[in-house]
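Secondary and tertiary structure notes
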Amino acid sequence: MSRAPFQIRCVEAGDAAGLSELWHADSRLGQHEAARHDIPSTIRKVLAGSNDRIVVAVVDDLIVGAAYLRLGPLMPLTSDQAVFVHLLKVDEAFRRRGVARGIMEAIVSWAEEHGTSHVVTVAGGTSRESSRFLARLGLSPVAVVRAAPTAALRAKLPVEVPALVRSGAGQRNNLGQVLAARRATRRSQSV
């Protein structure tokens, strides 16, 4: 399979439509959820700051791959910095042609420019192809990241806020008690 002649560059203000198409294609998010992501404002924030970057792969002015990078502490309580890679995606028609590897080379260069000790990737839990690609590059799993909507998590937890949390909450203490009382009332009425 031949390599696509692509160019790797930083995001530009006019790239919003291409990024939206790439990142929302075959998205597991519903249309309503995908529409909430404001890519133009994200691009403006990235272009104005120095701790975030979006790298894109372009073929004939078409964005065929991208990754969102964020510079930050490797872990809480350490001074080691890392580059966190989110939303690494390559258009299906351009996979297995070196695009993802080119993006990863740009990521490593940016990490080296900032003197960071690690590159950390965040890949979808069901993305076998991405996981295999990252493993071939030497990235190994170091944690399991789980997520849930706040409301769903609240439904599984006790109604009463533990005393340890309440005692130091100050003014928020009253709000927590009010919300807990409302939840208890709703639950008793629904039974």
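Located above this text is the structure these notes cover.
Residues numbered from 1 in each chain as written. Predicted model: local features only at pLDDT ≥ 70, side-chain atom pairs only at ≥ 80, totals over all residues. Heavy atoms only, no water.

**As for the side chain of K89**
Counting through the fold element by element, K89 comes out in strand β4 (residues 81-90). On the basis of relative accessibility, which here comes to 17%, the residue K89 falls in the buried class. Among the polar contacts made by the side chain of K89, one reaches the main-chain carbonyl oxygen of L22 at a distance of 3.2 Å. (Helix = DSSP H or I, 4+ residues; strand = E, 2+ residues; numbered from the N terminus. Buried < 20%, exposed > 50% of the residue type's maximum accessible area, 1.4 Å probe, protein only. Polar contact = N/O pair within 3.5 Å; in protein donor to acceptor, adjacent residues only side chain to side chain.)

**Focus on the pattern of salt bridges**
Under the definition given, this model contains four salt bridges. Its salt-bridge partner being D52, residue R70 comes within 2.8 Å of it at the nearest N-O pair. Here the residue R70 occupies a position in strand β3 (residues 62-73), and D52 occupies one in strand β2 (residues 52-59), the gap between them amounting to 18 residues. On the basis of relative accessibility, which here comes to 33%, the residue R70 falls in the partly exposed class. When the shortest N-O distance is used, the salt bridge between R95 and E129 registers 3.9 Å. One end of the pair, R95, is in the loop between β4 and α4 (99-113); the other, E129, is in helix α5 (residues 128-136), and 34 residues separate them in sequence. (Salt bridge = Lys/Arg side-chain N within 4 Å of Asp/Glu carboxyl O.)

**Some details on the sheet that holds β2**
Pairing is mixed across the open sheet formed by five strands, whose spatial order is β1-β2-β3-β4-β5. In the strand order of this sheet, the two ends are held by β1 (7-10) and β5 (118-121), each with one partner. Sheet twist, expressed as the average angle between the axes of neighbouring strands with direction ignored, equals 25°. Relative to β5, β4 runs parallel, the two sharing four bridges. Across the sheet, the residue bridging to A82 is H118, located in β5. (Pairing = 2+ DSSP bridges. Axes fitted to C-alpha atoms, helices over the stretch in contact; angles between N-to-C directions.)

**Considerations on helix α3 (residues 39-48)**
An α-helix turns once every 3.6 residues. As a result, residues three or four positions apart point the same way. When α3 is considered as a whole, its buried residues turn out to be I39, I43 and V46. Projected onto a plane normal to the axis of α3, the buried residues spread over an arc of 65° and lie on a single side. α3 presents R44 and A48 as exposed residues on the side facing more than 90 degrees away from its buried surface. Contacts made by the buried residues of α3 are with α1 (16-24), β2 and β3. (Arc of directions from axis to C-beta. Contact = heavy atoms within 4.5 Å.)

**As for unusual backbone geometry**
Look at D60: it is not a glycine, yet its phi comes out positive at around 50°. If you trace the backbone, D60 turns up in the loop between β2 and β3. A positive phi angle, near 70°, is found at L77, a position not held by glycine. Position of L77 relative to the elements: it lies in the loop between β3 and β4. Note on L77: relative accessible area 91%, which makes it exposed.

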